[in-house]
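# Overview (structure and organization)
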Amino acid sequence: SQTIHQWPATLVQPVGSPLSLECTVEGTSNPNLYWYRQAAGRGLQLLFYSVGIGQISSEVPQNLSASRPQDRQFILSSKKLLLSDSGFYLCAWSGEAPGYTFGSGTRLTVV
Amino acid sequence: GIQVEQSPPDLILQEGANSTLRCNFSDSVNNLQWFHQNPWGQLINLFYIPSGTKQNGRLSATTVATERYSLLYISSSQTTDSGVYFCAVDLTTDSWGKFQFGAGTQVVVTP
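Residues numbered from 1 in each chain as written. Chains lettered and ligands numbered in written order. Predicted model: local features only at pLDDT ≥ 70, side-chain atom pairs only at ≥ 80, totals over all residues. Heavy atoms only, no water.

### Digging into unusual backbone geometry
What counts, and what does not: Counting from the N terminus, the helices are DSSP H or I runs at least four residues long and the strands are E runs at least two residues long. Note on exposure labels: buried denotes an accessible area under 20% of the residue type's maximum, exposed denotes more than 50%, and partly exposed covers the range between, all computed with a 1.4 Å probe on protein chains only.
Looking along the chain, the bond that leaves Trp7(A) and enters Pro8(A) is cis, with omega of 0 degrees. Summarising the element assignment, Pro8(A) is placed in the loop between strand S1 (3-7) and strand S2 (10-13). In this chain, Ser7(B) is followed by Pro8(B) through a cis amide linkage whose omega measures -10 degrees. Within the secondary structure, Pro8(B) is located in the loop between strand S1 (4-7) and strand S2 (10-14). Backbone geometry places Arg68(B), a non-glycine residue, at a positive phi of 60 degrees. Note on placement: Arg68(B) falls in the loop between strand S7 (59-64) and strand S8 (69-74). Arg68(B) gets classed as partly exposed once you look at its relative accessible area, which sits at 33%.

Quick look at the structure:
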């Protein structure tokens, strides 16, 4: 069966520090991968999506970047965090079967 | 872009009560999915339902694509039903793509 792993679960980082969040999917090949952010409140905003290795599309201009170095690995990065980068970051994947499946999320607090 | 509106924004239920959550969308969609976000932040797939009716235990959903709305029914609610319920729609016709999420309905079920 397919599983999605996301880590770390929580992270507290100072302003100006770098960021690296990792997401991996098991049990499938060539998934579509997505990074979402959920700020305080409820809305989920799509940040990046990828349909293959090295193929990244950005939905909103921001202080973050994404990379897909392997088929089932998706990384969210920043060189210098801002206070406004705080939030709950969720990775998701989709494949041949309909629907999204989300990871458990990373709660990032920038201080 | 497509607008996704969920109502009500907040709902307080006594255990055992029934409720209906609504999702309106402003354009024709190819895919629609309901999610439940539990108090720990995990987003759980409930239904993939671009049209028609589906049931899973005490939950059921109906999407009337021609009228651009979907309903999620919770029957005999339990405290474990608490959390935020999201509707998400996708316009893309090729591979699974970029979902647009509604703002969610916060449900609190009291004992």
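### Here we look at the state of the cysteines
Rule in force here: Note on terminology: disulfide denotes any pair of cysteine sulfur atoms within 2.5 Å.
On inspection of all chains with the given rule, the structure shows 2 disulfides over all chains. Between the sulfur atoms of Cys23(A) and its disulfide mate Cys91(A) the distance is 2.0 Å. Measuring handedness by torsion sign, the sulfur bridge of Cys23(A) and Cys91(A) sits at about -75 degrees and is left-handed. Taken together, the residues span a long stretch of sequence, with Cys23(A) in strand S3 (residues 19-26) and Cys91(A) in strand S9 (residues 87-94) at a distance of 68 residues. The pair Cys23(A) / Cys91(A) is uniform in exposure class, with both members buried. Residue Cys23(B) pairs covalently with Cys87(B) via a disulfide, S to S 2.0 Å. Negative torsions about the S-S bond denote left-handed disulfides, and the value of about -55 degrees found for Cys23(B) with Cys87(B) makes this one left-handed. Of this pair, Cys23(B) sits in strand S3 (residues 19-25) while Cys87(B) is found in strand S9 (residues 83-90), placing the two residues 64 residues apart along the sequence.

### Topic: the environment of Leu64(A)
Residues and elements named next belong to chain A. As a reminder, the rule being used: Contacts are assigned to residue pairs that have any heavy atoms within 4.5 Å of one another.
Looking at the element boundaries, Leu-64 is found in the loop between strand S6 (55-58) and strand S7 (65-70). With relative accessibility at 8%, the residue Leu-64 sits in the buried group. The sequence separation of Leu-64 and Leu-81 amounts to 17 residues, and the corresponding C-alpha distance is 8.4 Å. For Leu-64, the residues in contact, after removing those within four places along its chain, are Leu-19, Arg-37, Leu-47, Phe-48, Leu-76, Ser-77, Ser-78, Asp-85 and Tyr-89.

### Comments concerning the interface of chain B and chain A
Which entries qualify depends on this criterion: Here a salt bridge means any side-chain nitrogen of Lys or Arg lying within 4 Å of a carboxyl oxygen belonging to Asp or Glu. Two N or O atoms form a polar contact when they lie within 3.5 Å of each other; inside protein one atom must be a possible hydrogen donor and the other a possible acceptor, and for residues adjacent in sequence the pair counts only when both atoms belong to side chains.
In this assembly, 22 residues from chain B lie in contact with 22 residues from chain A. Seen at the junction of chain B and chain A, the total is 0 salt bridges. Where chain B touches chain A, the interface holds 7 residue pairs in polar contact (both at pLDDT 80 or more). At the level of elements, strand S4 (31-37), strand S5 (43-48), S9 and strand S10 (99-101) of chain B are the ones that each hand at least two residues to the side of chain B that touches chain A.

### Digging into the packing of aromatic side chains
Residues and elements named next belong to chain A. What counts is decided by this rule: Aromatic pairing here means that ring centres of Phe, Tyr or Trp (its six-membered ring) are within 6.5 Å. Orientation follows from the plane angle: under 30 degrees is stacked, over 60 is edge-to-face, and everything else is tilted.
If you walk through the whole model with that rule in mind, you get 12 aromatic pairs over all chains. Consider the rings of Tyr-34 and Tyr-100, whose centres lie 4.5 Å apart with planes at 35 degrees: the pair is tilted. Of the two residues, Tyr-34 sits in strand S4 (residues 32-38) while Tyr-100 sits in the loop between S9 and strand S10 (101-102), which places them 66 residues apart along the sequence. Here the two residues Tyr-34 and Tyr-100 agree in accessibility, since each one is buried.

### Thoughts on the sheet that holds S1(A)
All names here are of chain A. Counted only if it meets this: Paired strands are those between which DSSP finds at least two bridges. Working convention: axes come from line fits to C-alpha atoms, limited for helices to the stretch in contact. Angles between N-to-C directions cover 0 to 180 degrees.
A sheet is described by the order of its strands in space; here 4 strands give the open sequence S1-S3-S8-S7, paired in antiparallel fashion. Because the sheet does not close on itself, it has two edges, and the strands there are S1 and S7. This sheet shows a mean twist of 20 degrees between the axes of neighbouring strands, independent of strand direction. Bridging between S1 and S3 involves 5 bridges; their strand directions are antiparallel. Paired with Gln-6 across the strands is Cys-23, a residue of S3.

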